[in-house]
Amino acid sequence: MNKADRCRLLHAPYDPPPLKRGDRATCLYRDCDVVITSWTGARISWPRCRALHHRRGRPAMLVDDELLRAIRRESAEAIKYWFGVSTYTVWSWRKAFGISQWGTEGSRRLHQALSETGAAVLRDKPLSREQVELRRRRAIKLKLVRYLKPGYHGRWWTKKERALLGKLSDEIVAKRIGRPVNGVRIMRTRLGIPSANDRRKV
């Protein structure tokens, strides 16, 4: 996933309020009346404000209904990129409005994409002994065995797939039929079929 995808707004456009410096408004984040002090220079420019009762307070972005709509729907990456705010600011907004880490449509979309990317990288990679032992202990601790159902739950081998075993290398067979190389090797060994390399040596 490139930067454009990571930072894409799913529910744009977001229209800033028609306010100018000195105008008064209500900030939903601060939950008080505020006065507009300036505008940000972000990709989506937005008014800054300070509380009326804090004349020396530090200005911050005005959270109105439109910005709150973005906070509730978009990913943190998209909000940071388009509205020019920090990770801490997004975290503070979400905490104030009761939004969890993956509680928006944009964040769930990013999480799914990253999970699929990670799974694609790890797929068919053998686990180290330490990783296997760690997973075994975790399964015992969580008592995952109670969720197991007896019997085979994978995709059954067809006659055409079994006919390829031993005629081609395990790697080629795996790629052709869409199975893990280790799975091909196990099935070939279970059926007592020598590998293609062994057959060439005979």
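Here the structure is shown first, and the text comes after it.
Residue numbers run consecutively from 1 along every chain, following the written order of its sequence. In keeping with the model being predicted, local features are shown solely for residues with a pLDDT of at least 70 and side-chain atom pairs are shown and tallied solely at 80 or more, while totals for entire chains, interfaces and linings include all residues. With hydrogens and water set aside, each side-chain value is computed from the structure's full complement of heavy atoms.

**Focus: the packing of aromatic side chains**
Between 30 and 60 degrees the pair is tilted, below 30 it is stacked and above 60 it is edge-to-face, where a pair is any two Phe, Tyr or Trp rings, Trp via its six-membered ring, whose centres lie within 6.5 Å. A full pass over the atoms with the stated rule returns 4 aromatic pairs. Aromatic pair Trp46 and Phe83: ring centres 5.5 Å apart, planes at 75°, arrangement edge-to-face. Placement of the pair is Trp46 in the loop between strand E2 (32-39) and strand E3 (47-51) and Phe83 in helix H3 (residues 76-83), with a sequence separation of 37 residues. The buried label goes to any residue with under 20% of its type's maximum accessible area, the exposed label to any with over 50%, and the partly exposed label to all in between, with areas taken from a 1.4 Å probe on protein chains only. Look at Phe83 and you get buried, because its relative accessible area is 1%. The structure contains a cluster of three or more aromatic residues connected by ring pairs, namely Tyr14, Trp46 and Phe83. A cation over a ring is seen here: Arg43 above Tyr81, with NZ or CZ 3.7 Å from the ring centre. Here a helix means four or more residues in a row that DSSP labels H or I, a strand means two or more in a row labelled E, and each is numbered from the N terminus. Geometrically, a lysine NZ or arginine CZ counts as sitting over a ring once it is within 6 Å of the ring centre and also within 35 degrees of the ring normal.

**Describing the pattern of salt bridges**
One speaks of a salt bridge when a side-chain nitrogen belonging to Lys or Arg is within 4 Å of a carboxyl oxygen belonging to Asp or Glu. One pass over the structure, following the stated rule, counts 10 salt bridges. A salt bridge links Glu66 to Arg69, with the nearest nitrogen and oxygen atoms 3.0 Å apart. Separated by 3 residues within a single helix, Glu66 and Arg69 lie in helix H2 (residues 65-73), roughly one turn from each other. By relative accessible area, which is 18% here, Glu66 ends up buried.

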